[in-house]
Amino acid sequence: MSFPRPHFGFGVPDALAEQPHRRLNPLTGEWVLVSPHRALRPWQGQVEEVPADTPEAYDPTCYLCPGNTRAGGHRNPDYAGPFVFDNDFAALKADSPEVQMNVEDILVARGETGVARVICFSPRHDLSLPEMEIPAIRAVVDVWADEYARLGSRPDIGHVQIFENKGEMMGCSNPHPHGQIWAQRSLPMAAARELAHQAEHYRRHRRTLLDDVLQVELRARERLVLENDTFAVFVPFWAVWPFETLVISREPVADVTALDDAGRDGLADVLKRLTARYDNLFGVSFPYSAGLHQAPTDGEDHPEWHLHMHFYPPLLRSATVRKFMVGYEMLGEPQRDVTPESSAERLRAASETPRARRGG
Ligand SMILES: [Zn+2]
Ligand SMILES: [Zn+2]
């Protein structure tokens, strides 16, 4: 016979930790179905040491390496730090025609303008974020700030999305560590949902939603993965992906340009430590999609917007077993077996020592 443990403080009560339930994502208003009883079977994941394909520091066939020629015929300079250029196969164009379509409010479309850029994190073909030194990651953070400021100041750019697809599993076609910047006129849907929920919270409380989330998580600590003086990283209470994390600035600033030196160094520090833990979780260069969420660049003030970064990794229980969003998740809503609390525990137990020091 067992009795539900009273729910003291911030801990997840046993009844929720063991039984099916739904959790609310306050940033989006969306729910996730959690089925922890399905994960109570013994942990079957094994750390498969997938042999790193030990790339060289420079690859003469890589279109991102310094000095090489890209598909469009452009030649990369012999760059020494991060290198940014317009995507040769851009998903957005600044000069798209101003077309509109509306058939009975049923078939609705509108031309979209924007800019797509690529950012190589460094000239090194073989160093992903966990293997880079913190000053080199800081240089990437500075480029993020510069690009956000420069693109965001344009009257035809309402939102700047900075992101990284890492690994073949995420559809990344080139192993040279790089990210992308898609800046466009309209606010994309994920940002629009988060804007609405952050604005409503700020209107009611005069604090940012993520500041309140952060304070709760720092007291609960059961989903906290790591922290420093300026940033904290945790598995969100409402995480959909098995090892999803949220990186939040302690100061409720709206974008990276508002971070001072210590803040930018702090972001570089948590990015290195988090991605090293990811790599060590299953002994593989950990695939993910990750990106910054910064305030819209629509010319308005956005005191409600709180700088953060999402990491959405697909791996579930080994280097090769991934989570799929299929069936019920396409037709109903996202679902997970392993609780966010146990994922955070595993990430806390993972080492921050880079998996493999490749090259020198
Ligand atoms: Zn390369
Ligand atoms: Zn977000």
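Refer to the structure printed above.
Residues numbered from 1 in each chain as written. Chains lettered and ligands numbered in written order. Predicted model: local features only at pLDDT ≥ 70, side-chain atom pairs only at ≥ 80, totals over all residues. Heavy atoms only, no water.

## Focus: the pattern of salt bridges
At step 1: Throughout the structure, instances matching the rule amount to 28 salt bridges.
At step 2: With a closest N to O distance of 2.5 Å, R221 and E227 form a salt bridge.
At step 3: Across the salt bridge formed by E329 and K323, the nearest N and O atoms sit 2.8 Å from each other. Each member of the pair, E329 as well as K323, carries the same accessibility label: buried.
At step 4: Among the ionic contacts, a cluster of salt bridges with common partners joins R23, E217, E222, R223 and E341. (Salt bridge = Lys/Arg side-chain N within 4 Å of Asp/Glu carboxyl O. Buried < 20%, exposed > 50% of the residue type's maximum accessible area, 1.4 Å probe, protein only.)

## Focus on the nonpolar core
At step 1: If you look at the biggest cluster of nonpolar residues, it comprises 57 residues, and the most contacted ones within it are W144, V247, L267 and F311.
At step 2: Counting 15 residues, the second largest nonpolar core, distinct from the first, contains L209, L214, L224 and W241. (Core = buried A, V, L, I, M, F, W, Y, C linked by side-chain atoms within 4.5 Å.)

## Some details on the side chain of H201
At step 1: Note on placement: H201 falls in helix α3 (residues 189–205).
At step 2: Within polar-contact distance, the side chain of H201 engages the side chain of D212 at 2.8 Å.
At step 3: Those residues in contact with H201 that sit more than four places away from it in its chain are R206, R207, T208, L209 and D212. (Helix = DSSP H or I, 4+ residues; strand = E, 2+ residues; numbered from the N terminus. Polar contact = N/O pair within 3.5 Å; in protein donor to acceptor, adjacent residues only side chain to side chain. Contact = heavy atoms within 4.5 Å.)

## A look at the packing of helix α5 (residues 261–282) against helix α7 (residues 340–349)
At step 1: The geometry of α5 relative to α7 is characterised by a closest axis approach of 8 Å and an angle of 100° between their N-to-C directions. One finds that α5 runs roughly perpendicular with respect to α7. Between α5 and α7, the contacting residues are R277, Y278, L281 and F282 on the first element and R346, L347, R348 and A349 on the second. (Axes fitted to C-alpha atoms, helices over the stretch in contact; angles between N-to-C directions. Parallel < 35°, antiparallel > 145°, perpendicular 65-115°, else oblique.)

## Focus on the coordination of the zinc ion (ligand 2)
At step 1: Taken together, the protein ligands of the zinc ion (ligand 2) are E194 (OE), E194 (OE), H293 (ND1), H308 (NE2) and H310 (NE2), with distances of 1.9 to 2.3 Å.
At step 2: Read N to C, the donor residues that coordinate the zinc ion (ligand 2) are spaced as E-x98-H-x14-H-x1-H. With a gap of 99 residues between them, E194 in helix α3 and H293 in strand β12 (residues 288–293) connect regions that are remote in the sequence. The pair formed by E194 and H293 is uniform in burial state, with each residue classed as buried. (Donors = N, O, S within 2.8 Å, 3.2 Å for Na, K, Ca; no water.)

What is shown is where atoms sit, not what they do.
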